[in-house]
Amino acid sequence: AAEVLQSAAGRSLARAYLDRYVDDARKMPLEQALKARAELGPDPSALALRFGVSLPLAMRRLAELPARDGEAPVGMVSCDASGTLVLRKALPGFALPRFGAACPLWPLFQALSRPMVPIRQVVQQAGRGGGVFRTYAITGAATEVSFEEEPLFEAHMLILPVETQARLHDRPKEVGVSCRICPREACAGRREPSILTDGF
C-alpha cells in the first residue's frame with residue numbers, strides 16, 4: 001500500500017519480496033538469528049547448518065538482519081538466469097549499477113555456470129574508493145524441483161567488507177561495477193567502451 005508503489009508491476013514485485021522475507025524470517029527468527037550471528041559470525045554456511053536451511057536463505061537473512069554496534073554492514077545481490085539483478089542491497093565501497101548490466105567478473109555470475117557449487121572469493125572494485133570484500137556466491141533453484149519441469153535458477157552473492165589486508169591470504173580479484181564506468185583496460189569481460197577511457 002506504499003505510495004511509492006504506483007504500478008501493478010511494482011506492487012507485485014514488492015509482494016513477492018515481502019512474502020519471501022516473511023518465509024525466511026519464520027525459518028530464521030530474528031532473535032535466534034542475531035544470537036547465532038554473534039556466536040558464529042557472518043558465516044552463511046555455519047548459519048545454514050545451525051538452522052537447517054539452504055545457503056541462499058541464510059545469505060538473504062544475513063543481509064536483512066539489523067546491524068548492531070561494532071558489526072560490519074552486509075550487502076547482497078541476486079540475479080535471475082538471464083543475469084538481470086533482481087535484488088540489490090548496497091554497502092559502502094561496493095558500488096552497484098543503477099541501470100544496465102553489472103560487471104561479468106563478479107562471482108555472482110561465475111556461480112550461474114556452476115549451480116549448487118558454493119564460491120568464496122575476495123574481490124576489490126576498480127577505481128577510487130573501491131574497498132576489499134569477501135564474497136560468497138551460490139546458484140540455487142528459484143522454482144520447485146520436480147521431474148515434470150526443469151527449474152529456473154537464481155544466483156546470490158553476499159558481500160562482506162574485509163577490514164584489514166592482513167586477513168587476506170590471496171590477492172583480491174579486481175572487478176568493476178559495470179563496463180560503462182569501469183577504468184580497467186584490456187579486460188576480457190568488457191562488452192562496451194568505458195566513458196572513463198578512450199575505448200576498449
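Residues numbered from 1 in each chain as written. Predicted model: local features only at pLDDT ≥ 70, side-chain atom pairs only at ≥ 80, totals over all residues. Heavy atoms only, no water.

S.K.: Please set out helix 4 (residues 55-64) residue by residue, giving values where relevant.
M.R.: Summarising burial for helix 4: ten of the ten residues are buried, a large majority. Within helix 4 the residues assigned to the buried category are Leu-55, Pro-56, Leu-57, Ala-58, Met-59, Arg-60, Arg-61, Leu-62, Ala-63 and Glu-64. (Buried < 20%, exposed > 50% of the residue type's maximum accessible area, 1.4 Å probe, protein only. Helix = DSSP H or I, 4+ residues; strand = E, 2+ residues; numbered from the N terminus.)

S.K.: Go over the environment of Leu-85, please, and point to the residues and values.
M.R.: Relative to the helices and strands, Leu-85 is located in strand 2 (residues 85-89). In sequence terms Leu-85 and Ile-119 are 34 residues apart; their C-alpha atoms lie 18 Å from each other. When residues no more than four places from it in sequence are discounted, the contact partners of Leu-85 are Val-77, Ser-78, Cys-79, Pro-97, Ala-102, Trp-106, Leu-108 and Phe-109. (Contact = heavy atoms within 4.5 Å.)

S.K.: Which residues make up the packing of aromatic side chains, and what values do they have?
M.R.: Per the stated rule, a full pass over the model turns up four aromatic pairs. Judged by centre distance (6.2 Å) and plane angle (15°), the rings of Trp-106 and Phe-109 are stacked. Clustering of aromatic rings is evident, with ring pairs tying together Phe-94, Trp-106, Phe-109 and Phe-133. The positively charged end of Arg-61 is found above the aromatic ring belonging to Tyr-21, 5.6 Å away from the centroid. (Phe/Tyr/Trp six-rings, centres within 6.5 Å; stacked < 30°, edge-to-face > 60°. Lys NZ or Arg CZ within 6 Å of the ring centre and 35° of its normal.)

S.K.: Tell me about helix 2 (residues 30-40), and please be specific about residues and values.
M.R.: Every buried residue belonging to helix 2 is among Ala-33, Leu-34, Ala-36 and Arg-37, and all of these are buried. Take helix 2 and look down its axis: the buried residues cluster within an arc of 165°, on one side only. Turned more than 90 degrees away from the buried face of helix 2, the exposed residues are Glu-31, Lys-35, Ala-38 and Glu-39. Gly-41 sits one or two positions beyond helix 2 and adopts a positive phi of about 80°. (Arc of directions from axis to C-beta.)

S.K.: Describe in detail the packing of helix 1 (residues 8-27) against helix 4, supporting the description with residues and values.
M.R.: Between helix 1 and helix 4, whose axes approach to 10 Å, the crossing angle comes to 100°. Between helix 1 and helix 4, the interaxial angle falls into the category roughly perpendicular. Taking contact as the criterion, the partners of Tyr-17, Arg-20, Tyr-21, Asp-24, Ala-25 and Lys-27 in helix 1 are, on helix 4, Leu-57, Arg-60, Arg-61 and Glu-64. Looking at side-chain class alone, the contact of helix 1 with helix 4 contains four nonpolar, no polar and six charged residues. (Axes fitted to C-alpha atoms, helices over the stretch in contact; angles between N-to-C directions. Parallel < 35°, antiparallel > 145°, perpendicular 65-115°, else oblique. Nonpolar A, V, L, I, M, F, W, Y, C, P; charged D, E, K, R; others polar.)

S.K.: Requested: an account of the side chain of His-156, with residues and values cited.
M.R.: Its place among the elements puts His-156 in strand 5 (residues 153-161). Residue classification places His-156 among the buried residues on the basis of a relative accessible area of 2%. Within polar-contact distance, the side chain of His-156 engages the side chain of Ser-78 at 2.8 Å. Setting aside residues no more than four positions away along its own chain, His-156 makes contact with Arg-20, Pro-56, Met-59, Arg-60, Met-76, Val-77, Ser-78, Leu-108, Tyr-136, Ala-137 and Ile-138. (Polar contact = N/O pair within 3.5 Å; in protein donor to acceptor, adjacent residues only side chain to side chain.)

S.K.: Outline a nonpolar patch on the surface, supporting the account with residue identities and numerical values.
M.R.: Nonpolar side chains collect at one region of the surface, where Tyr-17, Leu-18, Tyr-21 and Val-22 lie side by side and expose about 330 Å² of accessible area between them. In this structure, Leu-18 sits in helix 1. (Patch = residues over 30% accessible without salt bridge, like charges linked within 9 Å, V, L, I, M, F, W, Y side chains within 5 Å. Areas by Shrake-Rupley, 256 points an atom, 1.4 Å probe, with all protein chains shown as cover. Salt bridge = Lys/Arg side-chain N within 4 Å of Asp/Glu carboxyl O.)

S.K.: Break down the side chain of Glu-154 for me, citing the residues and quoting the values.
M.R.: Following the sequence through the fold, Glu-154 ends up in strand 5. Of the polar contacts made by the side chain of Glu-154, one reaches the side chain of Arg-20; its length is 3.0 Å. If sequence neighbours within four positions are ignored, Glu-154 has contacts with Arg-20, Cys-79, Val-86, Ile-138, Thr-139, Gly-140 and Ala-142.

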